[in-house]
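# Working through the structure, step by step
So you can see what is in the structure, the chains are spelled out below.
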Amino acid sequence: MIHLVGQLFNADTHITINPLKTKVEIYKKLFFYNPLIGAFHFPFNSTLLSKNLSMIIDCMRKSRSIFLSKSQFTRGLQCHKSLWLLKNRPELRAEPDASLQARFDAGTGVGILAQQLFPGGVALEYGSGISLNISTTQELIASGSQTIYEATFRHDNILAMVDILHKGADGWELYEVKSSTETKDIFINDTAIQYYVVAGAGINISRVFLVHLNNRYTRIGELDLQRLFSIDDVTDLTLHRQTDIPQQLAGMRHTLQGSEPGIDIGPYCTAPYECDFMPYCWEHIPECSIFDIANLRSNRKFALYYGGIVHMGGIPPDFSLSDNMQIQVEAELTGRDFINTAAIREFLATVIEPLGFLDFETFMEPVPSFDYQRPYQQIPFQFSLHILANGRLNHHEFLGGPDRDPRRPFIEKLLSDVRPCRTILVYNQAFEVTRLQEMAGTFPEFAEDIEALIARIVDLMVPFRNRDYYVKAMCGSHSIKYVLPALAPDLSYDGLAIADGEMAMLAYARLAKISDMSQKEKVRQDLLEYCRLDTFGMVRIWKKLVSLTQPRGQLSLF
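The following paragraphs examine the structure supplied in this document. Fair warning: this is a prediction, and the values are worked out from it, not measured in the lab.

Rules behind the numbers
- Within each chain, residue numbers correspond to sequence positions counted from 1 in written order.
- pLDDT decides what is reported in this predicted model: residues at 70 or higher carry local features, side-chain atom pairs at 80 or more are listed and counted, and totals for whole chains, interfaces and linings draw on all residues regardless.
- By convention in this description, side-chain values take in all heavy atoms of the structure and omit both hydrogens and water.
- Pairing between two strands requires that DSSP report at least two bridges joining them.
- Segments assigned H or I by DSSP are reported as helices when at least four residues long, segments assigned E as strands when at least two residues long, and all are numbered from the N terminus.
- Throughout, an axis means a line fitted to C-alpha atoms (over the contacting stretch in the case of helices), and angles, computed between N-to-C directions, take values from 0 to 180 degrees.
- By definition in these notes, contact holds between two residues if any of their heavy atoms fall within 4.5 Å.
- Disulfides are defined as cysteine sulfur pairs within 2.5 Å.
- Orientation labels follow simple angle bins: below 35 degrees gives roughly parallel, above 145 gives roughly antiparallel, 65 to 115 gives roughly perpendicular, and whatever is left gives oblique.
- By definition, any crossing whose near helix is turned counterclockwise from its far helix by less than a right angle is left-handed, and any crossing with a clockwise turn is right-handed.
- Gly is put with the polar residues, along with every residue not named as nonpolar or charged; the nonpolar set is Ala, Val, Leu, Ile, Met, Phe, Trp, Tyr, Cys and Pro, and the charged set is Asp, Glu, Lys and Arg.
- Salt bridge, as used here: a side-chain nitrogen of Lys or Arg that lies within 4 Å of a carboxyl oxygen of Asp or Glu.
- The buried label goes to any residue with under 20% of its type's maximum accessible area, the exposed label to any with over 50%, and the partly exposed label to all in between, with areas taken from a 1.4 Å probe on protein chains only.
- Under the pairing criterion, centres of Phe, Tyr and Trp rings, with the six-membered ring standing for Trp, must be within 6.5 Å; the plane angle then separates stacked pairs below 30 degrees from edge-to-face pairs above 60, leaving the rest tilted.

### Considerations on the sheet that holds strand 11 (residues 355–363)
Pairing within the open sheet is mixed, and its 5 strands lie in the order 13-12-11-14-15. The open sheet has two edge strands, strand 13 (392–399) and strand 15 (457–459), and neither has a second partner. Taking the axes of each pair of neighbouring strands and ignoring which way they run, one obtains an average angle of 25° across the sheet. In this sheet, strand 13 lies alongside strand 12 (residues 379–389) in antiparallel orientation, the contact comprising 8 bridges. Note that in strand 13 the partner of Ala389 across the bridge is Arg392. Packing against the sheet, helix 17 (residues 429–442) makes contact with strand 11, strand 12, strand 14 (423–426) and strand 15, and its axis sits at approximately 70° to strand 11. Running at roughly 60° to strand 11, helix 21 (residues 501–511) makes contact with strand 11, strand 12 and strand 13 of the sheet.

### Things to note about the state of the cysteines
Under the counting rule described, the total for this entry stands at 1 disulfide. Note on cysteine connectivity: Cys288 is disulfide-linked to Cys475, with sulfurs 2.0 Å apart. You can see Cys288 sitting in the loop between helix 12 (278–281) and helix 13 (298–306) and its partner Cys475 sitting in the loop between strand 16 (469–470) and helix 20 (480–487), a full 187 residues away along the chain.

### Section: the packing of helix 15 (residues 341–348) against helix 22 (residues 517–549)
Put simply, helix 15 and helix 22 touch, their axes get as near as 9 Å, and they point 120° apart. On the basis of the axis angle, helix 15 is oblique to helix 22. When the axes of helix 15 and helix 22 are compared, the crossing they make is left-handed. Residues Thr341, Ile344, Arg345, Phe347 and Leu348 of helix 15 touch helix 22, and the partners they reach there are Trp542, Leu545, Val546, Leu548 and Thr549. Classifying every residue of the contact of helix 15 with helix 22 by side-chain character gives 7 nonpolar, 2 polar and 1 charged.

### Notes on the pattern of salt bridges
A full pass over the atoms with the stated rule returns 23 salt bridges. Salt-bridge contacts for Arg435 lead to Glu438; the nearest nitrogen and oxygen are separated by 3.1 Å. Of this pair, Arg435 and Glu438 both sit in helix 17, separated by 3 residues, roughly a single helical turn. For Glu438, a relative accessible area of 21% puts it in the partly exposed group. Taken together, the shared-partner salt bridges in this structure form one network comprising Lys70, Glu176, Lys178 and Asp190.

### A short note on the packing of aromatic side chains
Pairs of aromatic rings are described using the distance from one ring centre to the other and the angle between the two planes. Scanning the model with the defined rule gives 21 aromatic pairs in all. Measuring from ring centre to ring centre gives 6.2 Å for Trp282 and Phe302, while their planes differ by 80°; the resulting arrangement is edge-to-face. Residue Trp282 is located in the loop between helix 12 and helix 13, and its partner Phe302 is located in helix 13; the two are separated by 20 residues in the primary sequence. By the burial criterion, Trp282 is buried, and Phe302 matches it.

Shown next, in the form of structure tokens:
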């Protein structure tokens, strides 16, 4: 109980109420005042204490819930229920996975780098506390500071931390930094609420800008920050949204003062951002539901859902579906396998031995580290290549070293290793072909050989994308992560330390930060094992397709 009381007295400093008065009122509720001794004493009536404490906790929660930050405001614009859950049931929130956390961290790094566009400013640290940063911001403005990073303001119970506040020729300028490569409409919600708060706090803002990365910039030598970043004037767009903010805030506060809103799932669960409360709100949706029908537009899926239909078996006969969608639905309902042997045979006729089975792994980063690299450019750092010739299977692989550009050694070894192959099978050739074309531009001395390699590429995904081979286990997907276990159940990514491309990218980035050599080697082996399974899985998929077109007993590959 004492611990709970302590928690109340250390309540969120965002609450805009008189803390001394609040503590006195809490004491009055928690303790009986004895006028004979002029002091409070602890009540022994546990029922009364419990009742009062529950009331106080509820009151404090409501006070906290009315306070909003910029991110909470934009969350509320997307869905009031998501905002309510964040304030009242935060334990239901899904933790960001490693990939999402890496993107958050990268965005933070971009924001810090953008500060160098306005050197000499004063940076406020979040750990210093909101109240201190608010007062420090006012002191810096009063003392004549020209640039403040993370300038902090509060108005109308809304908190705003401005990435860069700069004193320009015509007055204060507000800069919002995004790690995106363009100005998006959703970003104007960020600048709009910041302007509302900063202007409401008494600061005259002359212009509002959005800073983002320029994906046409190619690094050569030292970073050129003026070319790395683009700065867009969004003043008019920001001002245009000011009239809507009071009503938007009123709606959010009304929601927060009540019980959990009865808002059903909808397109807003994933747009503009995927909500981190989806596991809670979508827990009633089964696996392989109508939402898993491939290429069915979101509005049509929700039309079915709002009509009371979740399972594919409930889809009305007059609800139009493409042929491929019909195949998926029928396979789900009946368990029937759809195998177009003639189409598979026609596809296999384009494949000539010796065969190469090739897969790339890439990384991308917002700020380019190497010469001839652009923001978010996919940089190949690893490949696996299985070669099948005369019934024998051989394996080749490459993994670049950390902290150096892997592209030249990558392409040199790849061109050497694929030389014997007449056909090179990849899964989703658009990805590999684009990466190869980019390297041909970066290393023109290899361009001719790269073009010859591209000419030999055949996409193993084609029979699955076209539904020439489809079984229920694929659940609407033609991704190799679904196709492989459906065709080769004995192969699985489940037991691997690295199980997908995102994990591979993060593991490769981590290599440069690992000092322990045994741990570094473990990560390297995990990367090699993952990529090797991708191409060996392709061998097994191809073998399965061949078996469908051959008389039983006549197939012997290796």
